[in-house]
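So the chains spell out like this:
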Amino acid sequence: MTIIQADWIVTCDEYDNIIENGCIVFDDTIIDLGSFEDISSKYPNTPITTTAPNTVILPGLINPHVHLEFSANKTTLKYGNFMTWLNSVIEHRAQLIEKADTELIDNELQAILKNGTTTIGAISSYGFDMESLQKTKLNVVHFSEIIGSNASMVDTLFADFQARLKASAKLKSDRYTPAIAIHSPYSVHPFLIRETLKLAREQNLSVTAHFLESIEEKEWLESSSGGMSDFFKNFLNQTQSITKAHEFLNQFKGIENLSFTHCCQANDEELETIDELNATIIHCPVSNRFLTNSTLEYKNIAHRSFALGTDGLSSNYSLSLWEEMKNALFIHQHINITDLSKKLLNASTKGGAKALGMKNKGSLKKSYDADIITVTLPDACEKKDIFLQLILHTSNSSATFIKGEKIV
Ligand SMILES: [Zn+2]
């Protein structure tokens, strides 16, 4: 059993409880938390580890949407327009994937751990990330991804997907959870969606999908027109969209743990359907800024429990949620910065846990997993400013515990 004291404990629980001069008691799960006086009198025989002044204890960050297989991109891919980016991905994909070997992915995972992230949702297009994800100390939800809109290819694509999912399922442990990603409404044939969701329901797997990221995607789904038409005609000899946005969403009924990433172009009706599905929206503000010059409007997430994701290095310069939160402060520039900070830190902890279907993570609560980080602020701050100051002054955690084991 370990007890740690700090000037502040930010619980990210449903009451947004913040404890001043508090202690947390844990082994692999959280046993207790409260004020220094209460905990020291309740556990008189257990030594208390103290921390530096202005240290904050908080839940480990949860990044539910990252593409590690694209980690080799630094300066290759083109930003500023979704179709320009997509074409640059097609052009450089083979070389980027080859460059992202196990060592490169291992290094990215080490950096993710160092900054205080304890859980990731990794979207895996090829299964090339599995060796690294099997070794890492991070908690991993591994989303084997299905993609392909060409009807003549569906059997081959589904067989390949099943083989990858099977290989992922073999790695299942209390730290590694296999799951399913459906790339997007425009890129996956309805037959493949139906069959993969059938597997998800049978095996109770979490599911995620990209949804209405760009205006080009919306135009294509609505009227088979716009910027995507040339792409489909040239690469896939396809002139009609295979589905509509609402038809796509309606296929997900009965999936227990579900998330949709981006949703920048989703209208009120589509957002309501996402609510009815009890799905979480994963907001990736930097990726949206880079690829589409747009964002998910804050009014569409303010009253919802949402998650924050970095997306991959194919559309970001960093896989740190602290960077993502800092940038979100500027992207949503008309929202009160103090209120927004609180929302963003909750999105990066308990929002991520909900997106991944992890019921015992994302908050500091009794019986939850002891995924805990400490962060030391450079000076004292008031209780109401703590979320903002954490975001402004943190790059790395000072300590990281996963299921009670000290990792960093
Ligand atoms: Zn993505």
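Note that the structure is a prediction, hence the values are computed from the model and not measured. (Residues numbered from 1 in each chain as written. Predicted model: local features only at pLDDT ≥ 70, side-chain atom pairs only at ≥ 80, totals over all residues. Heavy atoms only, no water.)

Enquirer: Help me get a handle on the overall build of the protein chain, residues and values and all.
Expert: Each helix and strand in the protein chain was counted, giving 14 helices and 16 strands. Split into buried and exposed, the 408 residues of the protein chain put 59% on the buried side. Contacts spanning at least 24 positions in sequence make up 71% of the contacts within the protein chain whose residues lie at least 6 apart. Summing over all exposed atoms, the protein chain offers an accessible surface of approximately 16700 Å²; the carbon and sulfur share of this is 49%. For the protein chain, the distance from the average position of its 36 positive side-chain charges to the average position of its 50 negative side-chain charges is 3 Å. (Helix = DSSP H or I, 4+ residues; strand = E, 2+ residues; numbered from the N terminus. Buried < 20%, exposed > 50% of the residue type's maximum accessible area, 1.4 Å probe, protein only. Contact = heavy atoms within 4.5 Å. Areas by Shrake-Rupley, 256 points an atom, 1.4 Å probe, with all protein chains shown as cover. Lys, Arg positive; Asp, Glu negative; His and termini not counted. Charge placed at Lys NZ, Arg CZ, Asp CG, Glu CD.)

Enquirer: Any chance you could break down the sheet that holds strand β11 (residues 258-262) for me, citing the residues and the numbers?
Expert: Read across the sheet, eight strands follow the order β6-β7-β8-β9-β10-β11-β12-β13 without closing on themselves; strand pairing throughout is parallel. Here the strands that pair on one side only, and so sit at the sheet edges, are β6 (61-66) and β13 (307-308). Looking at chain direction, β11 and strand β12 (residues 280-283) are connected through three bridges and run parallel. Paired with Phe-260 across the bridge in β12 is Ile-281. Seen against the sheet, helix α12 (residues 321-331) touches β6 and β13 and runs at an angle of roughly 85° to β6. (Pairing = 2+ DSSP bridges. Axes fitted to C-alpha atoms, helices over the stretch in contact; angles between N-to-C directions.)

Enquirer: Describe the coordination of the zinc ion, naming the residues involved and giving the relevant values.
Expert: For a metal bound by four donors in a tetrahedral arrangement, the ideal donor-metal-donor angle is 109.5 degrees, while six donors in an octahedral arrangement ideally sit at 90 or 180 degrees. In the first shell of the zinc ion, the protein supplies His-65 (NE2), His-67 (NE2), His-210 (NE2) and Asp-311 (OD), at 2.1 to 2.3 Å from the metal. Every donor counted, the four donor atoms about the zinc ion form angles of 86 to 169° at the centre, which fits irregular coordination. Coordination of the zinc ion draws on donor residues from a single chain, spaced H-x1-H-x142-H-x100-D in sequence. Here His-67, found in the loop between β6 and α2 (82-99), pairs with His-210, found in strand β10 (residues 207-211); they are 143 residues apart in sequence, far enough to count as distant. (Donors = N, O, S within 2.8 Å, 3.2 Å for Na, K, Ca; no water. Tetrahedral: all angles 85-135°; square planar, octahedral: opposite > 155°, others 65-115°.)

Enquirer: Help me get a handle on the pattern of salt bridges, residues and values and all.
Expert: A pair can form between side chains of opposite charge whenever their charged atoms are brought close. Tallying each qualifying case throughout the model produces 19 salt bridges. Here Lys-384 ties to Glu-382 by a salt bridge, and the two come within 4.0 Å at their closest N and O atoms. Residue Lys-384 is joined to Asp-385 by a salt bridge in which the shortest nitrogen-to-oxygen separation is 3.4 Å. Each of Asp-32, Lys-42 and Lys-366 takes part in one network of salt bridges that share partners. (Salt bridge = Lys/Arg side-chain N within 4 Å of Asp/Glu carboxyl O.)

Enquirer: I'd like a description of the state of the cysteines, backed by residues and values.
Expert: Considering all chains together, one arrives at zero disulfides under this definition. Unpaired in terms of disulfides, Cys-12 finds its nearest cysteine sulfur in Cys-381, a separation of 14 Å. Of the residues examined, Cys-381 reaches a relative accessible area of 17% and is grouped as buried. (Disulfide = S-S within 2.5 Å.)

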